[in-house]
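Structural characterization, general
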Amino acid sequence: EEGADSGSDAFPASFASCGVEGALERSITINGFSKSFAMTGWRVGYLAAPESIAKAAAKVQSQFTSGASSIAQFAAAEALAICEEEPSSVRGGRDVQDMVEEFRKRRDYACERFEKIGGIQFPYSETFGAERCKPSGAFYLFPDVSSWIADTKSESSDELCMRILKEAGVALVP
């Protein structure tokens, strides 16, 4: 698109359009609507590839999953229509951006609560430097609890999670 900044949220970059000879014929794009349109659980995705690869993928996929429901397909089509209606805005239109902002607030709240517990750190990240490492694309936290493992004399994160489950009634995934 004219004036498109391939590094922004408004215009996602495409390797197939990178200007490399033959890139389109060698590119496979697999994506879904779960994260970009907050349609988690709807199980709608797509593949864009040369026809021979798409046909082969369809044969394999048909043996592992069933088709998406008609309601989910219509919802996905509507999500894409929002992008066409609001080409100058960021992906997904205002509704999706409002959800992204709400999820950002929830992520920040969760990170702040973890920091108040004490003994928990978030791994170093190139993105956030020496600060805590906040997830940037999803609502998953990966805290470093190695000091808790040592303090509780647990043998592993598995053992620590079982101990927290038994003592505090909180289920965690190691």
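Quantities reported herein were computed from a predicted structural model and do not represent experimental measurements.

1. Quick look at the overall build of the protein chain
When its secondary structure is counted, the protein chain shows five helices and two strands. Element order for the protein chain, N to C, with α for helix and β for strand: β-β-α-α-α-α-α. With 174 residues in all, the protein chain has 17% of them scored as buried. In the protein chain, once contacts between residues fewer than 6 apart in sequence are set aside, the share between residues at least 24 apart is 39%. Here the protein chain has roughly 13100 Å² of accessible surface; of this, 55% comes from carbon and sulfur atoms.

2. Focus on the packing of aromatic side chains
Taken as a whole, this structure holds two aromatic pairs when the rule is applied. Pairwise contacts between aromatic rings join Phe 33, Phe 37 and Tyr 46 into one cluster.

3. Some thoughts on the pattern of salt bridges
Applying the stated criterion across every chain, the model contains five salt bridges. Glu 167 is paired through a salt bridge with Arg 163; the nearest N and O atoms lie 2.9 Å apart. Here Glu 167 and its partner Arg 163 are both found in helix α5 (residues 157-168), four residues apart, which amounts to about one turn of the helix. With a relative accessible area of 60%, Glu 167 lands in the exposed category.

4. Some thoughts on the nonpolar core
Among the nonpolar cores identified, the biggest contains eight residues, and these are Phe 33, Phe 37, Met 39, Val 44, Ala 72, Ala 76, Ala 79 and Val 96. When residues of this core are assigned to their parent elements, the largest contribution, three residues, is made by helix α2 (residues 70-85). Those residues within four positions of Ala 76 in sequence are excluded, and the remaining contacts are Phe 33, Met 39 and Val 44.

5. Quick word on unusual backbone geometry
Of note, Arg 43 is a non-glycine position whose phi angle comes to about 55 degrees, a positive value. Structurally, Arg 43 can be placed in the loop between β1 (29-32) and β2 (45-48). Taking the relative accessible area as the measure of exposure, Arg 43 reaches 65% and is therefore exposed. Unusually for a residue other than glycine, Lys 153 sits at a positive phi of about 55 degrees. One can find Lys 153 in the loop between α4 (146-151) and α5. For Lys 153, a relative accessible area of 69% translates into the label exposed.

Procedures and definitions
- Residues numbered from 1 in each chain as written.
- Predicted model: local features only at pLDDT ≥ 70, side-chain atom pairs only at ≥ 80, totals over all residues.
- Heavy atoms only, no water.
- Helix = DSSP H or I, 4+ residues; strand = E, 2+ residues; numbered from the N terminus.
- Buried < 20%, exposed > 50% of the residue type's maximum accessible area, 1.4 Å probe, protein only.
- Contact = heavy atoms within 4.5 Å.
- Areas by Shrake-Rupley, 256 points an atom, 1.4 Å probe, with all protein chains shown as cover.
- Phe/Tyr/Trp six-rings, centres within 6.5 Å; stacked < 30°, edge-to-face > 60°.
- Salt bridge = Lys/Arg side-chain N within 4 Å of Asp/Glu carboxyl O.
- Core = buried A, V, L, I, M, F, W, Y, C linked by side-chain atoms within 4.5 Å.

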